[in-house]
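Below are the chains, spelled out letter by letter.
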Amino acid sequence: MYYIAYGSNLNFKKMKQRCPNAIPVFDLNGRRVNKLQNWKLVFNKYANIIPCKRSFVPIGLWKISKKCEKNLDQYEDYPNLYLKKYIKLFSIKAMVYIMRERKLKHPATSYLKEVEKGYMDFGLDLNYLVKSLEDKRYF
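Residues numbered from 1 in each chain as written. Predicted model: local features only at pLDDT ≥ 70, side-chain atom pairs only at ≥ 80, totals over all residues. Heavy atoms only, no water.

This part covers the packing of aromatic side chains. Summed over all chains, the structure comprises nine aromatic pairs. Measuring from ring centre to ring centre gives 5.1 Å for phenylalanine 12 and phenylalanine 122, while their planes differ by 90°; the resulting arrangement is edge-to-face. Taken together, the positions of phenylalanine 12 in helix 1 (residues 12-18) and phenylalanine 122 in helix 3 (residues 109-122) put the pair 110 residues apart, joining distant regions of the chain. Overall, the relative accessible area of 28% leaves phenylalanine 12 in the partly exposed class. Under the relative-accessibility criterion, phenylalanine 122 is labelled buried at 3%. Through a chain of ring-to-ring contacts, three or more aromatic side chains come together here, namely Tyr3, Tyr78, Tyr82 and Tyr97. Sitting above the plane of the tyrosine 75 ring, arginine 18 keeps its charged end 3.6 Å from the centroid. The positively charged end of lysine 35 is found above the aromatic ring belonging to phenylalanine 56, 4.6 Å away from the centroid. (Phe/Tyr/Trp six-rings, centres within 6.5 Å; stacked < 30°, edge-to-face > 60°. Helix = DSSP H or I, 4+ residues; strand = E, 2+ residues; numbered from the N terminus. Buried < 20%, exposed > 50% of the residue type's maximum accessible area, 1.4 Å probe, protein only. Lys NZ or Arg CZ within 6 Å of the ring centre and 35° of its normal.)

Residues spaced three or four apart along an α-helix face the same direction, because each turn holds 3.6 residues. An ideal rise of 1.5 Å per residue puts 20 Å on 14 residues; helix 3 measures up with 20 Å between its terminal C-alpha atoms. What helix 3 keeps buried is the set Tyr111, Leu112, Val115, Gly118, Tyr119, Asp121 and Phe122. Following helix 3 by one or two positions, glycine 123 adopts a phi angle in the positive range, close to 70°. (Expected span 1.5 Å × (residues − 1).)

Turning to the packing of helix 3 against helix 4 (residues 126-134), a few remarks are in order. Two numbers describe how helix 3 lies on helix 4: the axes approach to 9 Å, and their chain directions differ by 150°. As the angle between them shows, helix 3 and helix 4 are arranged roughly antiparallel. Here Leu112, Val115, Glu116, Tyr119 and Met120 of helix 3 come into contact with helix 4, specifically with Leu126, Tyr128, Leu129 and Leu133. Tallied by class, residues from the contact of helix 3 with helix 4 come to eight nonpolar, no polar and one charged. (Axes fitted to C-alpha atoms, helices over the stretch in contact; angles between N-to-C directions. Parallel < 35°, antiparallel > 145°, perpendicular 65-115°, else oblique. Contact = heavy atoms within 4.5 Å. Nonpolar A, V, L, I, M, F, W, Y, C, P; charged D, E, K, R; others polar.)

Structure (structure tokens):
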């Protein structure tokens, strides 16, 4: 099973603790996997994504087991805080967590540091993260 991460689960060290068998995936059939089109990153204390035409979210893709999924369900407080959605990404179907509530609230500094480290782990553009935090319409 494939899992799309866009927040703290981008962080290799944290994911290793939650899902020791998870494997980061950087390409599918020769295509770089680092963006989810038509979605936007926002925060409600924690990272969330919302549909947004002509936008994208930097992502990390993980190959996970059923045990990993159960661990992530617990970490993400599924189904109370986050719901699961399955999205077609190139030739595969991947699971992603989307927050139930769409309130917007600035995240804690410690949480942001985890996300920032994940951006570095996956080689994602930190400017995107900074710009999403500067967008005052979301706080």
